[in-house]
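Chain residues, written in single-letter form:
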Amino acid sequence: MVRHLLLLSVAIMALFGCNNNQQQSDGKKVFRYNQADGLSSLDPAFARNQANLWATSQMYNGLFELSDELYPVKSMVESWDISQNGTRYVFKLIPGIQFHDSEIFEGGKGREVTAQDFVYSFKRILDPKTASTGVWIFSDKAKKDENGEIAEDWVKAIDDYTLQIDLEKPFGAFLEVLTMPYAYVVPQEAIEKYGKDFRVHPVGTGPFVFKSWDEGNNLVLLKNTNYWKSDEAGKKLPYIDAIQVSFISDKTQELLTFQQKKLDFISYSGQANSIDLILNKDGSIREEFSGSFVVEKVPYMNTEYIGICMDPELYDDKNHPLLNKKFRKALNYSINREEMLSYLLNNLGKPGVHGIIPPAVNGYDESKVEGYTYDPKKAETLLKEAGYPEGKGLPEIKLHTTIHSKPYVEYLQKQWEAIGVNIDIEINPVATHQELIDNNRVPFFRGSWLGDYPDGENYLAMFYSQNLSPAGPNKTHFVNENFDKYYEKARAETDGFKRLDYYVEMDKVIVEEAPVIVLFYDEALRISQNNVVGLEPNPMNVLKLEKVDFMKSEVVQTAASF
């Protein structure tokens, strides 16, 4: 390993060469972060988790990107137009944007991006041969032909710089969808040359280019010297020279490495271990961290919950207590969410008492959506009304989870035991747990929903009757005519304020029917070294590095120290 890193260091130093900027001549600005969950692909068609999303976001661009306030803003487009009926989008591309230099192009020089590249990239997402995890972003929105299949011309290039997309029905959050990594542009030449190995041979348009990936050990990206973006003052982006990603899986070891200044940035969300080393039980920053590092606690677009299958066909007993709304409500009222967050997460998060949409997303409205606060007396009353006074007559109920969520479900187990409801816990590997949920094989399960894009519709889609799993995100198989009516109106509504009103009504239905027990809305804890500047937090916890820099007065990481 030492020899490998030494050779890598020499190679990077040779590539960097010398410079005459403010840094020492042999020094380069290298931003180092850790990805505890590992990395499976550098192909944006598979950017379904944080590790893949963070890495691909450095190497690719799309038509739009999210502002720090989570509004879609122009990236690769000069302008766009939406038809009056909301189904046709026409985009004018910025001319002159180049793909990264690569052997796939003639002479190794990156070529210009055209509208046809977006046509290819978007159709590739829908191609079964790609097997992209993002097929859903277009499959239910693209224009259909007379046979009900996706029309061949749903996306087309009018000319080199004009792209047209036709939707089957209006979809108010379509620009937000286009900010996702799934919608990044890729060159057809790379896919044809590398096939599935494109995952380790990425070619994009972004601020950083691929250098090397020693899977499980480190990833190195270098500054794209031909990047097409500049800052407000006209200075070329990015500011830093390289990114080095490590893959330390143990969060305690990760924190120690950061404290040793071998990492520039780490992030926590929903993590029970190591939080005690950073936060006090009341959520305040521990004294040894305050001032020594930049510590930010920000809203995160993730809702943690317990799911309940609403399909009677899954139960042998059609009168099973989980099918009883009063019983589900009793479970909700018996949870002290404030205590749970303090005890398990040092108040990193907010109690989930106002519906499924988290505070970080438009659509959350605590003044209009009243959820479940801690009220054990009311829980006992509802349990009795459901026909199970003090839990008498209840069958065995099993809650399915993973080892990572064990502390949460053990806490819930004690809370429910206090009102007479005894719950067994079954722990499975993450992949097994997900397979059981996706295929509707377990009635009671631990779940979470991290928003794919910043719109309340993304969370409410979990309960639309046409989205039943395994094909869709409705893991609880919730079916409600009133909910569906609001959902269909919201999807077609182009007036943002009216759409939010529909979201409130849908969230009220979810609270009333209780197909889920919302536990808490996640927050992200972002920690960086004091010399890092330009690292702006955002509710999606996306790592945006094109404007990150180091204070000039600080000694920065050098290429030789790789």
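Look up a bit, the structure's there.
Throughout this description, residue numbers start from 1 for each chain and increase along the sequence as written. The model is predicted, so local features are restricted to residues of pLDDT at least 70 and side-chain atom pairs to those at 80 or more, both for listing and for counting; the totals for chains, interfaces and linings are taken over all residues. For side-chain calculations, the full set of non-hydrogen atoms in the structure is used, while hydrogens and water are omitted.

Q: Describe the overall build of the chain, with residues and values.
A: Regarding its fold elements, the chain presents 15 helices and 19 strands. The 562 residues of the chain split such that 55% are buried. A sequence separation of at least 24 residues applies to 69% of the contacts in the chain between residues at least 6 apart. Of the roughly 24,400 Å² of accessible surface on the chain, a fraction of 48% belongs to carbon and sulfur atoms. Positive charges come from Lys and Arg, negative ones from Asp and Glu, while His and the chain ends are left out of the count. Here the site of a charge means NZ on Lys, CZ on Arg, CG on Asp, or CD on Glu. Placing the 60 positive and 81 negative side-chain charges of the chain at their respective mean positions leaves the two points 1 Å apart. Only runs of H or I of at least four residues qualify as helices and only runs of E of at least two qualify as strands under DSSP, and these elements are numbered from the N terminus. Between buried and exposed lies partly exposed: a residue is buried under 20% and exposed over 50% of the maximum accessible area for its type, with that area taken using a 1.4 Å probe on protein chains only. Should any heavy atoms of two residues lie within 4.5 Å, those residues are counted as being in contact. Residue exposure ignores everything except the shown protein chains as possible cover, and the areas themselves are Shrake-Rupley values with a 1.4 Å probe.

Q: Give me the lowdown on empty space enclosed by the protein, citing residues and values where you can.
A: Once rolled over the atoms, a probe with the size of a water molecule shows which space is left empty. The rule is simple: put a 1 Å grid over the protein atoms alone, call a set of points where a 1.4 Å probe fits but cannot get out a cavity, call an open set with protein on both sides within 12 Å along at least five of seven lines a pocket, and count a residue as lining if it has an atom within 4 Å of a point. Grid points are joined across faces, edges and corners, and a volume is the space filled by probe spheres set on the points. Overall, the coordinates contain 2 cavities of 30 Å³ or more when judged by the stated rule. When its volume is computed, the largest cavity comes out at roughly 70 Å³. Asn-332, Tyr-372, Val-511, Val-516 and Val-518 are the residues nearest the centre of the largest cavity, which is lined by 13 residues in total. For the lining of the largest cavity, the elements supplying multiple residues, two or more each, are α15 (496-513) and β17 (516-528). In this classification, Asp, Glu, Lys and Arg are treated as charged, Ala, Val, Leu, Ile, Met, Phe, Trp, Tyr, Cys and Pro as nonpolar, and every other residue, Gly included, as polar. Split into classes, the residues belonging to the lining of the largest cavity amount to 7 nonpolar, 5 polar and 1 charged. The volume enclosed by the second largest cavity comes to roughly 40 Å³. In this structure, the second largest cavity is lined by Asp-43, Pro-44, Ala-45, Ser-121, Arg-124, Ile-125, Tyr-182, Tyr-184 and Val-186. For the lining of the second largest cavity, the per-class residue count stands at 6 nonpolar, 1 polar and 2 charged.

Q: Break down the sheet that holds strand β4 (residues 77-82) for me, citing the residues and quoting the values.
A: Here we have 4 strands laid out as an open sheet, ordered β4-β5-β7-β6, and antiparallel in their pairing. Each end of this open sheet is capped by a strand with a single partner; those strands are β4 and β6 (155-159). For this sheet, the mean angle separating the axes of adjacent strands, direction not counted, is 20°. Bridging between strand β5 (residues 88-93) and strand β7 (residues 162-166) involves 5 bridges; their strand directions are antiparallel. In the strand pairing of β7, Val-90 is matched with Gln-164. Angles here are taken between N-to-C directions and fall from 0 to 180 degrees, while the axes themselves are lines fitted to C-alpha atoms, restricted in helices to the stretch in contact. Along the sheet, helix α3 (residues 115-126) contacts β5, β6 and β7; its crossing angle with β6, the most-contacted strand, is approximately 175°. In short, DSSP must find at least two bridges between two strands for them to pair.

Q: Could you give an account of the side chain of Arg-526, naming the residues involved and the relevant values?
A: Relative to the elements of secondary structure, Arg-526 occurs in strand β17. Any Lys or Arg side-chain nitrogen located within 4 Å of an Asp or Glu carboxyl oxygen qualifies as a salt bridge. Of the side chains bearing the opposite charge, Glu-296 lies closest to the buried Arg-526, which forms no salt bridge; the N-O distance is 4.6 Å. One polar contact links Arg-526 to Asn-541, side chain to side chain, over a distance of 2.7 Å. We call two N or O atoms a polar contact when they sit within 3.5 Å, provided that within protein one can donate a hydrogen and the other can accept it, with sequence-adjacent residues counted only if both atoms are side-chain atoms.

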